[in-house]
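One letter stands for each residue in the lines below.
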Amino acid sequence: MAAQDVLGQTARLASSSALLQVLFRVVTFALNAFTLRYLSRELIGVVNVRLTLLYSTVVFLAREAFRRACLSGSTKRNWTKTINLLWLTVPLGVFWSVFLGLVWLHLLEVPDPSVVPHYQAGVVAFGLSAIIELLGEPCWVLAQAHLFVRLKVIAESLSVVSKCILTVTLVILYPQWGLYIFALAQLLYATVLVMCYVTYFVMFLGSPEATKKSFPVARVKALFPNFVEDETFVNWKEARLTWSFFKQSFLKQILTEGERYVMTFLNVLNFGDQGVYDIVNNLGSLVARFIFLPIEESFYVFFAKVLERGKAVKDQKQDDVAMAANVLELLLKLVLLIGLTITVFGYAYSQLALDIYGGSMLSSGTGPDLLRCYSLYVLFLAVNGVTECFTFALMCKEEVDRYNFVMLALSFIFLCISYFLTHWHGSVGFILANCFNMGIRIAHSIHYIYDYFRESTYRPLTGLLPSPFLVLVYIISGVITGFSEVFFCCDKGWMARLVHIGVGSLCFAATVVTMFCTETKLIHFVRSQFLSRYLKKGT
């Protein structure tokens, strides 16, 4: 597949995934607002922090390394061996589910049954749902490698909608069921997700469409483990790369979910405060995750396909290098401007957002400060996602192994900083520690990118330098909206709030207009690669 075709399909995957993440986050956003009115914040804290951490840890440790290794390189490979390797995620998931389930049941503090009933059933259900989801891993990797955009959108949309409908129904009818509600909903989510992928491939394999596309897997039987006579069971090069990524994924999970591990294992916050923190965290990441995560996942595939892992820039096809450098520069500029916009406007509108969303329970106390800090953290998330996406797509096995030692040291430092900052400044300390963590990771990735392109004429890191005039507009907007918050928000009635919103809207409009005037190359990239298909559909 030509690099230009890969870019087009990758952009389509990223934009579709972004829309999918919009659905996820909006639904979670609405679901939290709904459940706050029916269930205790302690119950929400146990589900959204303790049990969700169990589920995410199991699936991350069991599959993340396999995904990164098996999505590297060309789609022209021995897929029988790749699928065999992917099935190893299931026994690995069973191991982690049983091991961590015992830790969650016997070593961690158990919630008061009168406040959070059926905790044991919740642990079992969330661990089981992780194993069920891993059963669809070969199908997921096949779909992602061949850029089956619509399948991913439909499968994940149906699973999320099914989960939410069941949750809302049970919360209204049987609120006394406690964790049974969320346990059943999580099991339904995993089952629907896997069944969508399995059903699609059962219908697709052997069809005329699959034959026309020369799809490398011809029969449903090929989706299961297969022994090939006189050949190894797996591709050992992929297996060794998987092991390198596995060591890294263990550390990356600690860094990604570090605050939840500190909350879970060190009891620095009670379950009620954990619930408030998670609600604010979800609100803060509402925009960040549905944009940055799809871009990171999709363009990891692009960079891994266009450039060859472990090769110096001078040994690559120069046309592909030029395209990759241009895309990296524009991606950096795109996520930087999105992050700056959220940081600038998030500071002045955090208290108002929390007051509208959850009332005084969220808008008083540390809630607004927590969301303001999260707005800054979004900027770090934005840059780190793209820089690491490029770095991990190009690192050879030896570089990945070396980076693992960096991650090990960083994990230890992060956990220590999280613990001390939390004692010093409460839940806000978690966000400050995450900013430090992301800053170090960004510095490492920037150093790698600089070294990689040093022997070429390309300088993609210039994407981190926005127009000076645009920076000035950001500063002026931040000052104006800050004064607006002091004078009009949030205890002066709805008319004052509307004035505050109007001031922010005008500043935001001025910022967007300046963007269109100063960042023309970026605007063309977004319109041609992300929006073109949707504009065509609308005409």
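None of the values given here were measured: they were computed from a predicted structure. (Residues numbered from 1 in each chain as written. Predicted model: local features only at pLDDT ≥ 70, side-chain atom pairs only at ≥ 80, totals over all residues. Heavy atoms only, no water.)

On to the overall build of the protein, then. What the protein contains, in helices and strands, is 20 helices and zero strands. The proportion of buried residues among the 539 residues of the protein is 57%. Summarising the internal contacts of the protein: among those between residues at least 6 apart in sequence, 83% fall at separations of at least 24. Only carbon and sulfur atoms are counted for the fraction: they give 68% of the accessible area of the protein, which is about 23,500 Å². (Helix = DSSP H or I, 4+ residues; strand = E, 2+ residues; numbered from the N terminus. Buried < 20%, exposed > 50% of the residue type's maximum accessible area, 1.4 Å probe, protein only. Contact = heavy atoms within 4.5 Å. Areas by Shrake-Rupley, 256 points an atom, 1.4 Å probe, with all protein chains shown as cover.)

This paragraph deals with the environment of Tyr 347. Counting through the fold element by element, Tyr 347 comes out in helix α13 (residues 318-358). It is 4.9 Å that separates the C-alpha atoms of Tyr 347 and Arg 372, two residues lying 25 residues apart in sequence. Contacts of Tyr 347, omitting those with residues within four sequence positions, involve Ile 342, Arg 372, Ser 375 and Glu 485.

Before going further, it helps to examine the nonpolar core. Counting residues in hydrophobic clusters, the biggest one holds 149 residues, and the most contacted among them are Trp 104, Phe 201, Phe 215, Phe 303, Phe 390 and Phe 453. With 20 residues, α13 is the largest single contributor of residues to this core. For Phe 215, the contacting residues outside a window of four places in its chain are Leu 142, His 146, Phe 148, Phe 201, Phe 204, Leu 205 and Ala 210. Among the nonpolar cores identified, the runner-up in size contains five residues, and Ala 348, Tyr 349, Leu 352 and Cys 490 belong to it. (Core = buried A, V, L, I, M, F, W, Y, C linked by side-chain atoms within 4.5 Å.)

Before going further, it helps to examine helix α2 (residues 41-70). With 30 residues, α2 extends 40 Å from end C-alpha to end C-alpha; this agrees with the ideal 44 Å at 1.5 Å per step. Most pronounced at Arg 63, the bend in α2 amounts to some 40°. For α2, the tally of buried residues reaches 27 of 30 residues, placing the bulk of the element in the interior. (Expected span 1.5 Å × (residues − 1). Bend = angle between axes of the 7 residues up to and from the residue.)

With that out of the way, let us pick up the pattern of salt bridges. The final tally for this structure, using the stated rule, is 10 salt bridges. A salt bridge links Asp 278 to Arg 260, with the nearest nitrogen and oxygen atoms 2.5 Å apart. Pair noted here: Asp 278 is in helix α12 (residues 271-306) and Arg 260 is in helix α11 (residues 258-266), with a separation of 18 residues, a long-range link. According to the relative accessible area criterion, Asp 278 is buried, its value standing at 2%. When salt bridges that share partners are traced, they join Asp 369, Arg 372 and Glu 485 into one network. (Salt bridge = Lys/Arg side-chain N within 4 Å of Asp/Glu carboxyl O.)

A surface patch of nonpolar side chains, about 720 Å² in accessible area, is lined by Val 471, Ile 475, Val 479, Phe 483, Val 486, Phe 487, Phe 488 and Val 499. Ranked by residue count, the leading element in the nonpolar patch is helix α18 (residues 468-488), at seven residues. Inspection of the secondary structure assignment puts Ile 475 in helix α18. (Patch = residues over 30% accessible without salt bridge, like charges linked within 9 Å, V, L, I, M, F, W, Y side chains within 5 Å.)

Counting through the fold element by element, Arg 50 comes out in helix α2. This buried residue, Arg 50, is left without a salt bridge; Glu 109 holds the nearest opposite charge, at 5.1 Å. Beyond its immediate sequence surroundings of up to four residues, Arg 50 is in contact with Gly 45, Trp 104, Leu 108, Glu 109, Tyr 119, Thr 264 and Phe 271. (Lys, Arg positive; Asp, Glu negative; His and termini not counted.)

For the coordinates displayed, the defined rule picks out 23 aromatic pairs. Considering the side-chain rings of Phe 201 and Phe 204, the 6.5 Å spacing of their centres and the 85° angle between planes classify their relative orientation as edge-to-face. One end of the pair is Phe 201 and the other is Phe 204, both in helix α8 (residues 179-204) and three residues apart, which spans about a single turn. In this structure Phe 204 comes out as buried when scored by relative accessible area, which is 4%. Their ring planes at 15° and their centres at 6.4 Å tell us that Tyr 448 and Tyr 452 sit as a pair that is stacked. Of this pair, Tyr 448 and Tyr 452 both sit in helix α17 (residues 428-453), separated by four residues, roughly a single helical turn. (Phe/Tyr/Trp six-rings, centres within 6.5 Å; stacked < 30°, edge-to-face > 60°.)

Here the focus is α13. A maximum bend of about 60° is found in α13 at Tyr 349. A large share of α13 lies buried, amounting to 31 of its 41 residues. Following α13 by one or two positions, Gly 359 has its phi on the positive side, about 75°.

A few words on the confidence of the model for the protein. Low pLDDT marks regions whose predicted coordinates should not be analysed in detail. Across the protein, pLDDT averages 83, with 89% of residues at or above 70. Mean pLDDT across the elements of the protein bottoms out in helix α1 (residues 3-35) (63) and peaks in helix α5 (residues 119-134) (95). (pLDDT = per-residue confidence, 0-100.)

This next bit is on the packing of helix α7 (residues 149-173) against α8. Direction vectors running N to C along α7 and α8 enclose 155°, while the axes themselves pass 8 Å from each other. Taken together, the axes of α7 and α8 lie roughly antiparallel to each other. Note on packing geometry: the crossing formed by α7 with α8 is right-handed. (Axes fitted to C-alpha atoms, helices over the stretch in contact; angles between N-to-C directions. Parallel < 35°, antiparallel > 145°, perpendicular 65-115°, else oblique. Left-handed = near helix turned anticlockwise from the far one by under 90°.)

Right, let's get into the packing of α13 against α18. It is the contact of α13 with α18, at a shortest axis distance of 8 Å, that shows an interaxial angle of 10°. The angle between α13 and α18 places the two elements in the roughly parallel class. Contacts between α13 and α18 involve Leu 337, Leu 340, Thr 341, Val 344, Phe 345, Tyr 347, Ala 348, Tyr 349 and Gln 351 from the first element and Leu 470, Tyr 474, Ser 477, Gly 478, Thr 481, Gly 482 and Glu 485 from the second. The residue inventory of the contact of α13 with α18, partitioned by class, reads nine nonpolar, six polar and one charged. (Nonpolar A, V, L, I, M, F, W, Y, C, P; charged D, E, K, R; others polar.)

Residue placement: Glu 485 occurs in helix α18. Taking the C-alpha atoms as reference points, Glu 485 and Tyr 347, separated by 138 residues in sequence, lie 9.4 Å from one another.

A word on the side chain of Asn 384. Looking at the secondary structure, you find Asn 384 in helix α15 (residues 367-394). Apart from residues no more than four positions distant in its own chain, Asn 384 is found in contact with Cys 389, Met 438, Arg 441 and Ile 442.

Our focus in this paragraph is the environment of Val 378. Inspection of the secondary structure puts Val 378 in helix α15. Residue Val 378 is classed as buried on the basis of its relative accessible area of 1%. Along the sequence, Val 378 and Leu 336 sit 42 residues apart, while their C-alpha atoms lie 9.7 Å from each other.

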